Every structure is written in structure tokens, then in C-alpha cells.
Amino acid sequence: MSKSKFGYVSIVGKPNVGKSTLLNQLIGQRVSVVNKKSNTTRDKILGLYHGRDYQIAFLDTPGFQNLNQSITYKQMRRQINMALDMSDIVIYLIDRYTEIQAIQSVMSELARFDKSIIIVINKIDLLKNKNELLPFTDDLSKVTNISDFAFISSLKNKGIDQLVKLIVARLPMATPEYEDNKITDVTLEFRIKEEIRNAALNALHDEIPYEIDIEINSVVAEKNLIAHATIWAPKKSYKSILIGKSGRTIKAIGSEARKNIETWNNKKSSLYLQVNVRKS
Ligand SMILES: Nc1nc2c(ncn2[C@@H]2O[C@H](COP(=O)(O)OP(=O)(O)O)[C@@H](O)[C@H]2O)c(=O)[nH]1
Ligand SMILES: [Mg+2]
């Protein structure tokens, strides 16, 4: 049967609200890395959901923020805008700790794009009782003029099927743009890079992970996966921190990234990392 519905759905919201967890849950695979620290996702990431007579192209985005006007954030903001521009539907993901004022300002920004918006409240697994949310949803209705919200736990896979139904009901009649067996458009190199960045975030406590660049020098994926990568540090002092005492830190980064790569790649993987100082 040929599919009759297709659309792009971007997932936006502040850092750490669970956007990447939601995408991975929808797709059933770790295509976007998840981290308890903010700003893990820097680019927009496509994940495809294949229904019986529809296809949904989800776009995970970097987190919305107002404060940080760094170059990296400007690039991230461009990614968010591109995702919004090409979307038919926008999932605005929040949790009960998202400030009403922040929601109001995001909603007015979203209004400029003139898309169908679904407000989704994530992390309901953290509530003892759903009634706890009533004062919050009351305020939410007042500032957004929307009274229907979706409640989910991305982490525990709760409410996801209902959310998909909500989306399908709004999906345009259109021919799917992607093949049936495709789940993402991110390359193997990109995913390996993201896993290294994620492991670096976990291994280091400060700003360093945000300032490194990762370059994949080679990847061979046959029976096993073998990858060589360079972590480019912005200065010499960062290089020694990245390497750590007797190479402990870089080993920890390599080993965590390798393990995570094996969870989605299903191949025995070897990852060789080196650290260099970027010439500026
Ligand atoms: N308790 C709980 N934690 C969640 C849920 N969804 C995501 N998280 C956690 O929130 C943190 C940020 O998740 P992530 O998907 O990277 O957020 P993003 O920055 O919006 O992409 C991670 O530690 C996730 O495990 C949820 O439904 N419940
Ligand atoms: Mg993310």
C-alpha cells in the first residue's frame, strides 16, 4: 500500500528537557545523544517514523536559549530556525519546571513561523500524581490559549503512542520523502563524532567539551568497526587535561564512546583517539 501522509515535525524546547531522548524513543534507536548536561545536540538531527500509511520526519534540534549569544549558539539558532522553517508541525517540549514566562516568549517566537504547535509536557514519571500539574497547566492555558496538552515520559516510554496519534491527525496529505528502511540521515562519521563529544562531556567538568572539535580521520565498518579520530583542543593546557594523568581521561572518553557506539551499531568496535592543539 502506498503511504498517503507525510510531514516534518520539529522537536524544540530548552536544553535538557528531553528532546533527544524523545527522538530516540520514537525511532527506537540512539540516533541523537542524550546527556544530563546542556547543549549536547548542536545540529538538527533527522529521525524517521514509519507508520502503516504515513511517514513522519522528526527533527531534533539544539535547545532554545536567550542568554548565550556566542558563535556556537548563533549556529545552533540557525539550525533551530531551519528546522522550524521546513516543519509542518512543531512539538514544543517542556516540563513542569519550565518557567511560564519563558514559555510565553518561546510561543511568541514560534508564532512567527505559523505552524501547527503541539505542547508536550515531558518527564511525567517524576510526578507522584498527575494532579500536581493542574496549577501549571492552568497557567499554561492562560498564556498560550491552548488547552490540550500531551503528557509523556520519554525516558519511560509513556504517552508516546498517543503523541504519535496526535501528530498523525495533523499530518498533511503528501508522499513520503524517504525510503521505508531509512531511520536517519546522519552519517556514521557524524554519529561517532557525537558519541565522542558526549563521552567528553561526561569525563570533563568544565567548559572544555564545548570548545573542542572532533575530526574523524578514518572509519572502516565491515565485520568490525574501526575508527580513528582526533580531538582538537583550542589550547595546550586543554590538551593535557583531555589526556589526563597517564592517559586516564582520554582512555575513559574512548571507552565510553566505544561502548555507546556498539549499542546501536551491533558491531565489535575499536576507537583510536588522539589529541592535538588547534592552530588558530
Ligand atoms: N525523569 C526523566 N528524565 C528524562 C526524561 N526525558 C529525558 N530525561 C533526562 O533528561 C536529560 C536530558 O535529556 P536530553 O534528551 O539530552 O535533553 P535535550 O537537551 O532536550 O535533548 C537526560 O539526563 C535524560 O535522561 C523523562 O521523561 N523523564
Ligand atoms: Mg538534545
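Our subject is the structure listed above.
This one's a predicted model, so the numbers in the text were calculated from it and none came from an experiment. (Residues numbered from 1 in each chain as written. Chains lettered and ligands numbered in written order. Predicted model: local features only at pLDDT ≥ 70, side-chain atom pairs only at ≥ 80, totals over all residues. Heavy atoms only, no water.)

K.L.:
Got a minute to help me understand the sheet that holds strand S7 (residues 213-221) in this structure?
P.N.:
By definition, the strands of a sheet pair up through backbone hydrogen bonds, in either a parallel or an antiparallel sense. Strand order in the open sheet formed by three strands is S7-S8-S9, and the pairing between neighbours is mixed. This sheet does not close on itself; its edge strands, each paired only once, are S7 and strand S9 (269-277). For this sheet, the mean inter-axis angle between neighbouring strands, taken without regard to orientation, is 15°. Relative to strand S8 (residues 225-233), S7 runs antiparallel, the two being bridged by eight bridges. Within S8, the position partnered with Val219 by the bridge is Ala227. In the packing of helix H9 (residues 248-265) onto the sheet, the strands contacted are S8 and S9, and the crossing angle to S9 comes to about 140°. (Pairing = 2+ DSSP bridges. Helix = DSSP H or I, 4+ residues; strand = E, 2+ residues; numbered from the N terminus. Axes fitted to C-alpha atoms, helices over the stretch in contact; angles between N-to-C directions. Contact = heavy atoms within 4.5 Å.)

K.L.:
What is the right way to look at the site of ligand 1 in this model?
P.N.:
Taken together, 18 residues sit near ligand 1, with Asn16, Gly18, Lys19, Thr21 and Asp125 positioned nearest. A distance of 2.6 Å is found between an oxygen atom of ligand 1 and a side-chain nitrogen or oxygen belonging to Thr21. In this structure, Lys123 approaches ligand 1 through a side-chain N or O atom, which is 3.2 Å from an oxygen atom. Protein contact buries 87% of the 580 Å² of open area that ligand 1 shows by itself. Considering only residue class, the shell around ligand 1 consists of five nonpolar, eight polar and five charged. (Near = heavy atom within 4 Å. Polar contact = N/O pair within 3.5 Å; in protein donor to acceptor, adjacent residues only side chain to side chain. Areas by Shrake-Rupley, 256 points an atom, 1.4 Å probe, with all protein chains shown as cover. Nonpolar A, V, L, I, M, F, W, Y, C, P; charged D, E, K, R; others polar.)

K.L.:
Whenever I open this one, the nonpolar core confuses me. Can you help?
P.N.:
The tendency in soluble globular proteins is for nonpolar side chains to be buried side by side. Core analysis: the biggest nonpolar cluster contains 28 residues, and Leu26, Ile56, Phe58, Leu163 and Ile167 have the highest contact counts within it. Secondary-structure elements contributing two or more residues to this core are strand S1 (5-12), helix H1 (19-27), strand S2 (45-50), strand S3 (54-60), strand S4 (89-94), strand S5 (116-121) and helix H5 (160-170). Sorting elements by how many residues they give to this core places H5 first, with five residues. Not counting residues up to four positions away in its chain, the partners in contact with Leu163 are Leu22, Ile91, Ile118, Val120, Ala150 and Ile152. With 24 residues, the next largest nonpolar core counts Ile212, Ala229, Tyr238 and Trp264 among its residues. (Core = buried A, V, L, I, M, F, W, Y, C linked by side-chain atoms within 4.5 Å. Buried < 20%, exposed > 50% of the residue type's maximum accessible area, 1.4 Å probe, protein only.)

K.L.:
What should I look at first to understand empty space enclosed by the protein in this one?
P.N.:
Where empty space is left in the structure can be found by rolling a water-sized probe over the atoms. The final tally for this structure, using the stated rule, is one cavity of 30 Å³ or more. In terms of lining residues, the largest cavity is bounded by Asp95, Arg96, Tyr97, Ile121, Asn122, Lys123, Ile124, Leu126, Leu127 and Leu133. (1 Å grid on protein atoms, 1.4 Å probe; cavity = no way out; pocket = protein on both sides within 12 Å on 5 of 7 lines; lining within 4 Å. Points joined across faces, edges and corners; volume = space filled by probe spheres on them.)

K.L.:
Can you walk me through H5 in this structure?
P.N.:
In an α-helix, one turn spans 3.6 residues; hence positions three or four apart end up facing the same way. Listing the buried residues of H5 in full gives Ile160, Leu163, Val164, Ile167 and Val168. In a view along the axis of H5, the buried residues occupy a sector of 140°, so they form one face of it. Exposed positions of H5 whose direction lies more than 90 degrees from the buried face are Gln162, Lys165 and Ala169. (Arc of directions from axis to C-beta.)

K.L.:
Quick question: what am I supposed to make of the packing of helix H8 (residues 236-243) against H9 here?
P.N.:
What describes two packed helices is the angle between their axes and the distance between those same axes. Where H8 meets H9, the axes come as close as 4 Å, and the angle between the chain directions of the two elements is 65°. Of the residues in H9, those touching H8 at Ile241, Leu242 and Ile243 are Arg248, Thr249, Ile250 and Ile253. Across the contact of H8 with H9, the residue classes tally to five nonpolar, one polar and one charged.

K.L.:
Is there a simple way to explain unusual backbone geometry in this structure?
P.N.:
Most peptide bonds take the trans configuration, and most residues that are not glycine carry a negative phi. With a phi angle near 65°, Lys123 is a residue other than glycine that sits in the positive phi range. Position of Lys123 among the secondary structure elements: in the loop between S5 and helix H4 (134-144). You can call Lys123 partly exposed: its relative accessible area is 27%. In this structure, Asn145 takes a positive phi of about 60° despite not being glycine. Note on placement: Asn145 falls in the loop between H4 and strand S6 (150-151). Residue classification places Asn145 among the exposed positions, given a relative accessible area of 72%.

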